[in-house]
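Read off the chains here:
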Amino acid sequence: MSRLLIVGSVAFDDLELPTGKHDNVWGGSASYASLAASLFTPIDLVGVIGEDFPDKHLQTLRGHGISTEGVERAAGKSFRWAGRYDATLSSRTTLDTQLNVFADFKPKIPASARRAPFVLLGNIHPSLQLEVLEQVEKPRLVVADTMNFWITGEPTALKKLLHHVDVLVINDEEARQLGEHHNVSRAAAAIRKMGPKHLVVKRGEYGALLFDPEGTFFAPAYPLEDVLDPTGAGDTFAGGFLGYLAHVDAKGGSVDRAAFRRAIVAGSAMASFCVEDVGPNRLLTLSGTQLRDRLGQFKQLVHVEHELDALSLLR
Ligand code: AMP
């Protein structure tokens with residue numbers, strides 16, 4: 001099996017959703033990404049939790065084939081993030097970010113995970129993401145996520161990290177910010193000059209774009225009637241994306257451009273489940289059959305019966 005190393009935050013979130021307030025929800029970039037990726041491949045999770053973090057969540061992770069050997073329990077409180085969504089769930093405001101145990105965290109990659117061919121650097125301080133890369137042995141594919149908090153707060157560390165990243169996954173607002181252009185395609189071109197050969201731009205309910213040396217690919221998001229909580233959708237997307245690629249590799253397939261495109265759809269399908277319930281709840285009960293069904297629905301969504309370029313269509 002192709003193991004996937006995931007590093008990121010393991011957290012408590014206080015969420016203000018149109019449906020009400022939810023405090024102390026289990027969250028964090030690495031929690032969402034690991035749960036999503038674990039459907040496809042075994043995971044080594046690296047992160048830090050405080051004394052307040054319940055054992056039952058660690059047991060849940062292990063129950064999903066996620067090794068928690070690299071999750072350190074430190075003195076103090078776990079990372080905490082608070083956010084408020086608008087009535088349409090299309091924009092959110094960060095109300096509070098408390099690094100807590102992350103402030104002094106030094107990631108230690110367990111010996112068994114140092115040779116993981118696939119590495120997902122979930123959203124945390126870019127210096128910590130770099131420290132992880134210093135400890136691993138020549139991974140085949142490094143995927144990184146980040147957010148506006150680090151783009152504005154730690155631009156130097158982030159730029160340094162980007163030289164070592166193969167695929168950067170960010171949302172479109174962050175892409176515009178990092179690429180310093182309001183046009184996403186131009187921003188993408190600028191970001192790809194900073195290091196990553198591939199850039200995935202997540203556009204929430206409007207799908208995801210892949211920019212790579214050969215061009216641009218787009219996949220829609222699955223149109224759902226009931227969206228409860230978008231928190232973690234981006235991390236779930238990243239976990240599903242790289243988990244799928246690790247799975248392809250384990251089955252002897254090639255991790256090529258076609259696989260990247262399918263991985264975008266796999267990530268979008270996983271994210272569509274994440275938003276159906278509060279926190280990571282939906283991911284906890286998601287079965288392989290349900291995922292297979294949704295992937296089938298995705299295929300239907302973009303399927304076109306006849307060739308669009310048939311000359312007979314022209315006047
Ligand atoms: P997403 O909705 O995919 O952007 O991810 C939301 C998750 O990211 C939440 O569960 C938060 O705990 C976590 N998070 C928010 N801000 C940060 C940050 N600055 N560093 C690391 N994780 C964060």
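Here is what the cut-offs are and how they apply
Residue numbers here run from 1 along each chain, matching the order of that chain's written sequence. Where local features are concerned, this predicted model is filtered to residues with pLDDT of at least 70; where side-chain atom pairs are given and counted, the filter is 80 or more; whole-chain, interface and lining totals use all residues. With hydrogens and water excluded, all non-hydrogen atoms of the structure serve as input to the side-chain values. Under the scheme used here, helices are H or I runs from DSSP no shorter than 4 residues and strands are E runs no shorter than 2 residues, and both carry numbers assigned from the N terminus. Any helix carries an expected span of 1.5 Å times its number of residues minus one. When accessible area is computed with a 1.4 Å probe and restricted to protein chains, residues below 20% of their type maximum are described as buried, those above 50% as exposed, and intermediate ones as partly exposed. The directions from the helix axis to the C-beta atoms form the arc being described. Nearness of a residue to a molecule or strand requires only that one of the residue's heavy atoms be within 4 Å of it. Under this definition, polar contacts are N or O atom pairs within 3.5 Å; protein pairs additionally need one hydrogen-donor-capable and one acceptor-capable atom, and for neighbouring residues in sequence, both atoms have to be side-chain atoms. Accessibility throughout is a Shrake-Rupley quantity obtained with a 1.4 Å probe, and a residue counts as covered only by protein chains that appear here. Classes in brief: Ala, Val, Leu, Ile, Met, Phe, Trp, Tyr, Cys and Pro nonpolar; Asp, Glu, Lys and Arg charged; the others, Gly included, polar.

Enquirer: I'd like a rundown of helix H11 (residues 288–302), residues and numbers included.
Expert: Its 15 residues place the ends of H11 22 Å apart at the C-alpha level, agreeing with the 21 Å of an ideal helix rising 1.5 Å per residue. Buried residues of H11: Leu-291, Arg-294 and Phe-298, and no others. An end-on view of H11 places all buried positions within 65° of arc, on one side of the element. Exposed side chains of H11 directed beyond 90 degrees from the buried face belong to Arg-292, Lys-299 and Gln-300.

Enquirer: Before we move on, could you go through the site of the ligand and cite the residues and values that matter?
Expert: In the region of the ligand, 19 residues are neighbours, and Asp-13, Gly-28, Asn-123, Gly-232 and Asp-235 sit closest. Here Arg-92 contributes a side-chain N or O atom positioned 2.8 Å from an oxygen atom of the ligand. Considered on its own, the ligand offers 510 Å² of accessible surface; in the complex 94% of this is hidden by protein. For the shell around the ligand, the elements supplying multiple residues, two or more each, are strand S2 (11–17), strand S6 (79–85), helix H4 (148–153) and helix H8 (233–250). With three residues, the single largest contributor to the shell around the ligand is H8. Per-class residue counts for the shell around the ligand are nine nonpolar, seven polar and three charged.

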